[in-house]
Amino acid sequence: MNNIVIGLLAIIGTLIVYLFMWKLHRRILLPVTLPIFLGSIVIVLMLLIFHIDYDTYMIGGEWINQLLGPAVVALAYPLYQQRDLLKRLFFPILMGTFVGAVVGIMSGVLLAKWLGVEEFIIYSLVSKSVTTPVSIVIADSLGGAMPLAAVFVMLAGMCGVLIAPFIFKAFKIDHVIGRGVGIGSASHAIGTARAMEDGPLGGSASTVAMVLSAIIVSIIAPILVEWMI
């Protein structure tokens, strides 16, 4: 019974925080007010203040986590709506995603090596730019730590949506498909959720890039890692 109560409180509390942050983001359209970013900070602070450990929170949080799969599948709807245009632009999207995947892997590995990071941590961050289920499998196959890989995925997603507006502005990336491919290949589902705010076309391009990135990284990650480490 206690676990049921704790689970319900965790779910209700998380939903309240998210809805509040969503309304705040609608009023203040800034990268730092994104619900996934600001909401995560608020929840972590609440857990620390009330001395609630992670395992206790996840009694209910795991129920929400199970909805990640259906949420990703739901992204197929805008993809279907824009299917004709995306078919015509498939090759440019594929090439853009491929370049994004290579840059994402190499930049992370080279920076980690330059900082003197241990190898198992490098193996854990190689797949940081793809969705969590794929990332942890890649990290595990390379000899990394799956929990650490999941953390790097979250960081990549949140950091991506925070700095994306500045990158787009600095390099004058104005086309909605270019923006969608960039953020989808770098920040997976979190970036795709952000791309949806630019319209269904940007969200669809981001969804395609996210899926292609997962496939491409799965293939090239072992090759690039063996070459660079």
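Residues numbered from 1 in each chain as written. Predicted model: local features only at pLDDT ≥ 70, side-chain atom pairs only at ≥ 80, totals over all residues. Heavy atoms only, no water.

S.K.: Any details on a nonpolar patch on the surface? Residues and values, ideally.
M.R.: Together, Ile41, Val44, Leu45, Met46, Leu48, Ile49, Phe50 and Ile52 make up a nonpolar patch on the protein surface, roughly 760 Å² of accessible area in all. Residue position: Ile49 is located in helix α2 (residues 35-49). A relative accessible area of 58% means that Ile49 is categorised as exposed. (Patch = residues over 30% accessible without salt bridge, like charges linked within 9 Å, V, L, I, M, F, W, Y side chains within 5 Å. Areas by Shrake-Rupley, 256 points an atom, 1.4 Å probe, with all protein chains shown as cover. Salt bridge = Lys/Arg side-chain N within 4 Å of Asp/Glu carboxyl O. Helix = DSSP H or I, 4+ residues; strand = E, 2+ residues; numbered from the N terminus. Buried < 20%, exposed > 50% of the residue type's maximum accessible area, 1.4 Å probe, protein only.)

S.K.: Which residues make up the pattern of salt bridges, and what values do they have?
M.R.: The tally for this structure, following the rule as stated, stands at two salt bridges. Between Glu197 and Arg194 there is a salt bridge; the shortest N-O distance is 3.8 Å. Counted as one network, the salt bridges with shared partners bring together Arg194, Glu197 and Asp198.

S.K.: For helix α11 (residues 176-195), give the residues involved together with the corresponding values.
M.R.: Spanning 20 residues, α11 covers only 9 Å between terminal C-alpha atoms, well under the ideal 28 Å at 1.5 Å per step. Where α11 bends most, at His188, the angle is about 145 degrees. (Expected span 1.5 Å × (residues − 1). Bend = angle between axes of the 7 residues up to and from the residue.)

S.K.: Go over the environment of Gly116, please, and point to the residues and values.
M.R.: Considering the arrangement of structural elements, one finds Gly116 in the loop between α7 (90-114) and α8 (119-125). The sequence separation of Gly116 and Arg83 amounts to 33 residues, and the corresponding C-alpha distance is 45 Å.

S.K.: Explain the nonpolar core to me, and be specific about the residues and the numbers.
M.R.: Formed by 30 residues in total, the largest nonpolar core has its most connected members in Ile93, Ile105, Val126, Val217 and Ile220. Counting residues per element, the ones that place at least two in this core are α7, α8, α9 (132-142), α11 and α12 (200-228). Counting residues per element, this core draws most heavily on α12, at 13 residues. Sequence-distant contacts of Ile105, that is, excluding residues within four places in its chain, are made with Val126, Val217, Ile220, Ala221, Leu224 and Met228. (Core = buried A, V, L, I, M, F, W, Y, C linked by side-chain atoms within 4.5 Å. Contact = heavy atoms within 4.5 Å.)

S.K.: Give a description of α2 that names residues and reports values.
M.R.: Given a rise of 1.5 Å per residue, 15 residues ought to cover 21 Å, and the 20 Å separating the end C-alpha atoms of α2 matches this to within 8%. When α2 is considered as a whole, its buried residues turn out to be Pro35, Phe37, Gly39, Ile43 and Leu47.

S.K.: I'd love a proper account of unusual backbone geometry, names of residues and values included.
M.R.: If you check the backbone angles, Lys172 has positive phi at about 55 degrees while not being a glycine. Residue position: Lys172 is located in the loop between α10 (146-170) and α11. Within the chain, His188 stands out as a residue other than glycine whose phi angle is a positive 40 degrees. Topologically, His188 is positioned in helix α11. Take His188: its relative accessible area is 3%, and that puts it in the buried class.

S.K.: Residue-level account of the side chain of Ser124, with values.
M.R.: Tracing the backbone shows Ser124 in helix α8. In terms of polar contacts, Ser124 uses its side chain to reach the backbone carbonyl oxygen of Phe120, at 2.8 Å. Within the structure, Ser124 has its side chain in polar contact with the backbone nitrogen of Ala145 (distance 2.8 Å). (Polar contact = N/O pair within 3.5 Å; in protein donor to acceptor, adjacent residues only side chain to side chain.)

S.K.: Provide a residue-level description of the confidence of the model for the chain, including the pertinent values.
M.R.: Should the pLDDT be low somewhere, the predicted coordinates at that spot are not to be read in detail. With 99% of its residues at a pLDDT of 70 or more, the chain has an overall mean of 87. Helix α4 (residues 68-74) is the least confidently modelled element of the chain, averaging 74 in pLDDT, while α7 averages 93, the highest of any element. (pLDDT = per-residue confidence, 0-100.)

S.K.: Pulling in residues and values, what's your account of the packing of α11 against α12?
M.R.: Across the interface, α11 lies against α12 with an axial gap of 6 Å and an inter-helix angle of 70 degrees. With respect to α12, the element α11 is oriented roughly perpendicular. With respect to the hand of their crossing, α11 and α12 are arranged in right-handed fashion. On α12, the residues that touch Val176, Ile177, Gly180, Val181, Ile183, Gly184, Ser185, His188, Ala189, Gly191, Thr192 and Ala195 of α11 are Leu201, Gly202, Gly203, Ala205, Ser206, Thr207, Ala209, Met210 and Ser213. Its residues assigned to classes, the contact of α11 with α12 comprises ten nonpolar, eleven polar and no charged. (Axes fitted to C-alpha atoms, helices over the stretch in contact; angles between N-to-C directions. Parallel < 35°, antiparallel > 145°, perpendicular 65-115°, else oblique. Left-handed = near helix turned anticlockwise from the far one by under 90°. Nonpolar A, V, L, I, M, F, W, Y, C, P; charged D, E, K, R; others polar.)

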